[in-house]
Amino acid sequence: MPDIGASLREARMRARIDVSEIETQTKIRAKYLRALENEEWDLLPGPTYVKSFLRTYAEALDLDAKLLVDEYKLRHEHLSEVELQPINAAAPGRERRRQTPTLPPWFFVAVIFVALVGALWLLGRNPDNTPDQAAAPPPPPPAATQPAPVATPEKRPARPRATRLRIEATGQVYVCLKAGDRTLVNGQTLEAGERTPTFRSRRFRLTVGNNAVRLLINGKPKLLPASSDPIGVEITPGRGRQPLSAKKRPLCV
């Protein structure tokens, strides 16, 4: 595959994203992002940070983060000394079993014979002690009350991951975008070909003046239904997008 740094740089240039935008989005300092693109690993704090920064940077550019991290491990990390040690052909337990002396078969026969002779001698001393007169075994203790089974707490469903959203204008369009209490695009008019940075949130509320936009949700393009009136859209993980009422969701001011 191409070099790691070249893959990152080409993906960023194709997306027309400046390093400063990636710095704001990923919270990784620009000098570390440039070091990743130039493969200047010595300028980074350590291999752990390199892999973490690579994963975050690749996800921000919609690249295969696992592939880049595995490529870095293959090229720049070495096997530990434990992995390089030879494996002994004979297991220690097997060696110990070989060293344990075994008893001859006649020894066990002699032990059984002695036990039978001792039992017959005891019966001869006490002829009245027959099996029918043997003391009855004590009654078993009452069964203990079984504790009630402890209810296993139900596992909470995993929280949905954040959604990535980028807006591209296909014509002149008014755009207002909010994520929770934050206003990401405050009533801005975009011309055809303009686009916003890629935002991350678990819930977006979008209001556009018409349908002259293309939404990239987690890297997949989505188009709005044809309309010349303002359109309100809610975007959340798992539910896709859900139309909103313009009366309930007013435009940004």
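Look up a bit, the structure's there.
Being a predicted model, the structure only gives us computed values, none of them experimental.

Caption draft 1: Quick look at the overall build of the protein. When helices and strands are counted, the protein shows 8 helices and 9 strands. Looking at the protein as a whole, 28% of its 253 residues are labelled buried. Restricting to contacts in the protein with at least 6 residues of sequence separation, those with at least 24 account for 58%. Only carbon and sulfur atoms are counted for the fraction: they give 56% of the accessible area of the protein, which is about 18,600 Å².

Caption draft 2: A look at the pairing of strand β3 (residues 182–190). Note that strand β2 (residues 173–179) and β3 share 6 bridges and pair antiparallel. Across the sheet, V175 pairs through a bridge with Q188, a residue of β3. The turn linking β2 back onto β3 is made up of 2 residues, and G180 within it adopts a positive phi angle of 70 degrees.

Caption draft 3: Quick peek at the sheet that holds strand β1 (residues 163–169). If you walk across this open sheet you meet the 4 strands as β4-β1-β6-β7, and the pairing is antiparallel. Every other strand in the sheet has two partners, leaving β4 (199–201) and β7 (220–223) as the edge strands with one partner each. Between one strand axis and the next, the sheet turns by 30 degrees as a mean value, whatever way the strands run. Bridge count between β1 and β4: 3 bridges; the pairing is antiparallel. By the bridge assignment for β4, R164 is matched with R200.

Caption draft 4: Region of the structure containing the nonpolar core. If you look at the biggest cluster of nonpolar residues, it comprises 26 residues, and the most contacted ones within it are L8, L36, L44 and L54. With 6 residues, the single largest contributor to this core is helix α4 (residues 47–60). V175, L177, L190 and V233 belong to the second largest nonpolar core, which has 21 residues in total.

Caption draft 5: Layout of the packing of helix α2 (residues 19–26) against helix α3 (residues 30–37). It is at 9 Å that the axes of α2 and α3 come closest, and there the two elements cross at 115 degrees. By the angle between their directions, the pair α2 and α3 is classed as roughly perpendicular. As for the relative orientation of α2 and α3, their crossing is right-handed in sense. Together, V19, I22, E23 and T26 of α2 and A30, L33 and R34 of α3 make up the contact between the two elements. A breakdown of the residues in the contact of α2 with α3 according to their chemical character gives 4 nonpolar, 1 polar and 2 charged.

Caption draft 6: Structural view of the side chain of R164. Here R164 is to be found in strand β1. Judged by relative accessible area, which is 17%, R164 ranks as buried. In terms of polar contacts, R164 uses its side chain to reach the side chain of D62, at 2.6 Å. Other than its neighbours up to four places away in sequence, R164 contacts E59, D62, T198, F199, R200, L216, I217, N218 and G219.

Caption draft 7: Representation of α2 within the structure. Every buried residue of α2 is accounted for by V19, I22 and T26. Down the axis, α2 shows its buried residues gathered within 60 degrees of arc, on one side only. Summarising the contacts, the buried residues of α2 are in contact with α1 (4–14), α3 and α4.

Caption draft 8: Representation of the packing of aromatic side chains. Counting across every chain of the model gives 3 aromatic pairs. Ring centres of Y32 and F53 lie 5.6 Å apart, and the angle between their planes is 25 degrees; on these two criteria the pair is classed as stacked. Within this pair, whereas Y32 is found in helix α3, its partner F53 is found in helix α4, the two being separated by 21 residues in sequence. A single burial state applies to Y32 and to F53, both of which are buried. Taken together, a centroid distance of 5.1 Å and an interplanar angle of 65 degrees make the contact between W41 and Y72 edge-to-face. Of this pair, W41 sits in the loop between α3 and α4 while Y72 sits in helix α5 (residues 65–76), placing them 31 residues apart in sequence. You'll find W41 and Y72 in the same group, each marked buried. Joined through ring pairs, the aromatic side chains of Y32, Y49 and F53 make up one cluster. The cationic tip of R29 hangs over the ring face of Y32; the distance from NZ or CZ to the ring centre is 5.9 Å.

Cut-offs applied
Residues numbered from 1 in each chain as written. Predicted model: local features only at pLDDT ≥ 70, side-chain atom pairs only at ≥ 80, totals over all residues. Heavy atoms only, no water. Helix = DSSP H or I, 4+ residues; strand = E, 2+ residues; numbered from the N terminus. Buried < 20%, exposed > 50% of the residue type's maximum accessible area, 1.4 Å probe, protein only. Contact = heavy atoms within 4.5 Å. Areas by Shrake-Rupley, 256 points an atom, 1.4 Å probe, with all protein chains shown as cover. Pairing = 2+ DSSP bridges. Axes fitted to C-alpha atoms, helices over the stretch in contact; angles between N-to-C directions. Core = buried A, V, L, I, M, F, W, Y, C linked by side-chain atoms within 4.5 Å. Parallel < 35°, antiparallel > 145°, perpendicular 65-115°, else oblique. Left-handed = near helix turned anticlockwise from the far one by under 90°. Nonpolar A, V, L, I, M, F, W, Y, C, P; charged D, E, K, R; others polar. Polar contact = N/O pair within 3.5 Å; in protein donor to acceptor, adjacent residues only side chain to side chain. Arc of directions from axis to C-beta. Phe/Tyr/Trp six-rings, centres within 6.5 Å; stacked < 30°, edge-to-face > 60°. Lys NZ or Arg CZ within 6 Å of the ring centre and 35° of its normal.

Function cannot be inferred from these measures alone, as they are strictly geometric.
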